[in-house]
Amino acid sequence: MDAVLELRKLSKSYANHHVAVSGVSLTLQQGEFFSLLGPSGCGKTTTLRLIAGFEEPTDGDVLLKGVSLRGLPPYARNVSTVFQNYALFPHMTVRENIEFGLRHKAQMRTAEREKRVADALGMVRLTGKESRFPAQLSGGERQRVALARSLVLEPDVLLLDEPLSALDPNLRKQVRSELKSLQRRVGITFLFITHDQEEALSLSDRIGVMNQGRLEQVGTPQEVYLRPRTRFVADFLGTVNWINGVGVRPEATRISYQPPGGGERAVPAVVESSLFLGNCLHIRTRLITGEPVVAEVSRLNGSYGRGETVHVWWHPQDEIICPQ
Amino acid sequence: MRLCLLPAAVLILLLFVAPLVIVCAYSLLSRGAYGGVGLPWSAESYTRLFDPLYASIFVRSFVVAAISTALCLLLGFPLALFISRSGRRKNLYLALVILPFWTSFLVRTYAWMFLLRDTGLVNTLLLSLGIIREPLPLLYNYGAVIVGLVYGYLPFMVLPIYATIERIDRSVIEAAADLGAKPWTILTQIVVPLCAPGIAAGSVLVFIPSLGAYLTPDLLGGGKTILVGNLIQNQFTTARDWPFGSAVSLLLMALVMVLLLLIARRNQEGLL
């Protein structure tokens, strides 16, 4: 695998001393689906804007296929951005929107351009809607126009700034799987910005978790979820029960009336409440040592009543131990 | 609910419909000896409108108004763009655009006369620098009238264009750059088309008062330039022909309304 995009100690701070991005180093492999995950204001969107060229870094460098992009305007960079609100040109038809980049970024003959536009329209299932204006499209269709408009240029890296957040929740899951299969088909490197851990986990080959302008951890979804390096990463990727310094995820936390027999760690606890979620139950307990612990148990394992004394236990290999 | 709308209805009736009815009635009466109007009813004012003399005045007025509007657009668009890019100074610059409204239009027009006349600032400066030997004829011609109109109505062009520029989503501009458009392409293919409603509104707001202007042509044109505004004014003052003045007013109004309807229809069709 070849490195396609490299960030070297990328930093961005503003005149008011606000540090948006601080020393981010990262290498993206060709064809990879990489997510930058973090809460709002963590610097993930600024990182994307530095790569796209909408802002210049105060320090560090962005390299595309080994060549520094320093000082290059957005129109001279072979990356393309899908904006959060899609940023379609409202006075242009679907076709004109998709053609725009081909006219200005890539000089090509009319026949070639028309073929590329037709291919792109087919790829995002918008054939037949090329003469519509953005205002006449649904949210999902607009998003696909934005994707087609960028993908038609075959950029080295496609930058996606929370492209699913403007869709309604039902549509979001469907579009998510479409996005993944689209990325596999075109083989273009995706840099996906999101604050939704479920999105990042389900889509990505690798995830970079950002917090306060820094990259806290980079790894596969399994690595960042099961082996988080910092407490922030552990908490941001899902609920963690912190028991005496070690973390246990609710789905790895078991509950029973009798203490387990083998090498498990077990602590007596009292049931405080039980939350029915359909496919499972969330049992909230308080350990005798005082910490609150949530256990996700199967509906088939029966329920536990408020005030009952139980044993909370887990396997040592499921423990999350953060070095810090 | 209906009762609440009554004051508005009365207002429209008193301030818009009634004057219009009066002007219509006047245009169909005969002129009085010392101004005013009298019986019998007559359509003579309208037949007089077919005189080629008046047609040429109308054409001249339309040309002057169109040139003034075009110049306002040429100056106003870059100015509006500049203001919208000025960050924290925006409000200051907008205030400067609006500031002239705080003094009388008449005074400001006189100021132009002082600038443009033979012994005015411009000619004195050029003479003293030795660039010209004798004063340039800057005042009392159509050029001076157009300068006055452009100066007077420029804010009406700048403000609506500024408002539409401000409404353009910044990410749309960034998307264009991202897709390979250089600044000039962004300006001509994204910003200008998206400002079309502001440009249309500004052009109407400049064109219509320019068309009916009488003060500026009177003062800066020095009576040598007769435009529709002056024609109407003269009928009610020196010529004492109120019926004809009313007929000219109504024709001007009808032409403007046809023009506006045409623009409105184009806007609907072209998704501007």
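For the structure, see preceding data.
These numbers come from a predicted model, not from an experiment.

Visitor: Mind showing me how you'd approach the overall build of chain A here?
Guide: Within chain A one finds 8 helices and 17 strands. Buried positions account for 51% of the 324 residues belonging to chain A. Accessible area for chain A stands at about 14,900 Å²; split by element, carbon and sulfur atoms hold 49% of it. Separation of charge centres in chain A, based on 39 positive and 35 negative side chains, amounts to 3 Å.

Visitor: I tried to follow the nonpolar core on my own but got confused; where do I start?
Guide: What tends to happen in soluble globular proteins is that the nonpolar side chains get buried as a cluster. The biggest cluster of nonpolar side chains holds 97 residues, and the ones touching the most others in it are A:L5, A:F89, A:I98 and B:I190. Residue contributions to this core peak at 11 residues, all from helix α7 (residues 142–167) of chain B. Residues in contact with B:I190, not counting those within four places in the same chain, are A:F89, A:H91, A:M92, A:F100, B:V172, B:I173, B:A176 and B:T185. Counting 17 residues, the second-largest nonpolar core is a separate cluster that includes A:I255, A:V271, A:I283 and A:V293.

Visitor: Looking at this structure, how should I read the packing of helix α9 (residues 183–194) of chain B against helix α10 (residues 196–212) of chain B?
Guide: The axes of two packed helices give the description: the angle between them and the distance between them. Residue and element names in this part refer to chain B. Contact pair α9 / α10: the axes reach a minimum separation of 4 Å and the direction vectors enclose 55 degrees. One element, α9, and the other, α10, form an angle in the oblique class. Of the residues in α10, those in contact with V192, P193 and L194 of α9 are A196, P197 and I199. Classifying every residue of the contact of α9 with α10 gives 6 nonpolar, no polar and no charged.

Visitor: Sorry if this is basic, but what is going on with helix α5 (residues 169–186) of chain A here?
Guide: Residues spaced three or four apart along an α-helix face the same direction, because each turn holds 3.6 residues. Residues and elements named next belong to chain A. With 18 residues, α5 should reach 26 Å at 1.5 Å per residue; the first-to-last C-alpha distance of 26 Å fits that figure. For α5, the set of buried residues is V175, R176, L179, K180, L182 and Q183. Viewed along the axis of α5, the buried residues span an arc of 165 degrees, placing them on a single side of the element. Away from its buried face, by an angle of more than 90 degrees, α5 presents the exposed residues N170, K173, R184 and R185. Residues of α5 that are buried make contact with β3 (33–37), α3 (110–123), α4 (139–151), β7 (157–161), β8 (189–194) and α6 (197–203).

Visitor: What's the story with the pairing of strand β10 (residues 214–219) of chain A in this structure? I'm lost.
Guide: Two faces belong to every sheet, and in a regular strand the side chains alternate between them. Residue and element names in this part refer to chain A. Relative to β10, strand β9 (residues 206–211) runs antiparallel, the two sharing 5 bridges. Residue pairing for β10: V209 is matched across the bridge by Q217. If you look at the hairpin formed by β9 and β10, you'll find 2 residues sitting between the two strands, and Q212 has a positive phi there, around 50 degrees.

Visitor: Looking at this structure, how should I read the interface of chain B and chain A?
Guide: Many analyses report the size of an interface as the accessible area lost when the parts associate. Counting residues at the interface gives 20 residues for chain B, matched by 24 residues for chain A. With both sides pooled, the region where chain B packs onto chain A buries about 1,800 Å², and carbon together with sulfur makes up 66% of that total. One can count 1 salt bridge joining chain B with chain A. Here A:R49 and B:E174 are joined by a salt bridge, their closest N and O atoms 2.6 Å apart. At the boundary of chain B and chain A, one finds 7 residue pairs in polar contact (both at pLDDT 80 or more). Every element with two or more residues in the side of chain B that touches chain A is listed here: α8 (170–178) and α9 of chain B. Taken together, the residues of the side of chain B that touches chain A sort by class into 11 nonpolar, 4 polar and 5 charged.

Visitor: Just checking my understanding: could you explain the pairing of strand β14 (residues 265–276) of chain A for this structure?
Guide: All names here are of chain A. Both β14 and strand β17 (residues 309–314) contribute to a ladder of 6 bridges, which runs antiparallel. Residue pairing for β17: A269 is matched across the bridge by V310. Here 7 bridges tie β14 to strand β15 (residues 280–287), and the two strands are oriented antiparallel to one another. The partner of A269 across the bridge, within β15, is L287. Remark: 3 residues form the turn of the hairpin made by β14 and β15, two consecutive strands paired antiparallel; G278 in that turn has positive phi of roughly 95 degrees.

Basis of the calculations
Residues numbered from 1 in each chain as written. Chains lettered and ligands numbered in written order. Predicted model: local features only at pLDDT ≥ 70, side-chain atom pairs only at ≥ 80, totals over all residues. Heavy atoms only, no water. Helix = DSSP H or I, 4+ residues; strand = E, 2+ residues; numbered from the N terminus. Buried < 20%, exposed > 50% of the residue type's maximum accessible area, 1.4 Å probe, protein only. Areas by Shrake-Rupley, 256 points an atom, 1.4 Å probe, with all protein chains shown as cover. Lys, Arg positive; Asp, Glu negative; His and termini not counted. Charge placed at Lys NZ, Arg CZ, Asp CG, Glu CD. Core = buried A, V, L, I, M, F, W, Y, C linked by side-chain atoms within 4.5 Å. Contact = heavy atoms within 4.5 Å. Axes fitted to C-alpha atoms, helices over the stretch in contact; angles between N-to-C directions. Parallel < 35°, antiparallel > 145°, perpendicular 65-115°, else oblique. Nonpolar A, V, L, I, M, F, W, Y, C, P; charged D, E, K, R; others polar. Expected span 1.5 Å × (residues − 1). Arc of directions from axis to C-beta. Pairing = 2+ DSSP bridges. Buried area = accessible area lost by both parts, 1.4 Å probe. Salt bridge = Lys/Arg side-chain N within 4 Å of Asp/Glu carboxyl O. Polar contact = N/O pair within 3.5 Å; in protein donor to acceptor, adjacent residues only side chain to side chain.

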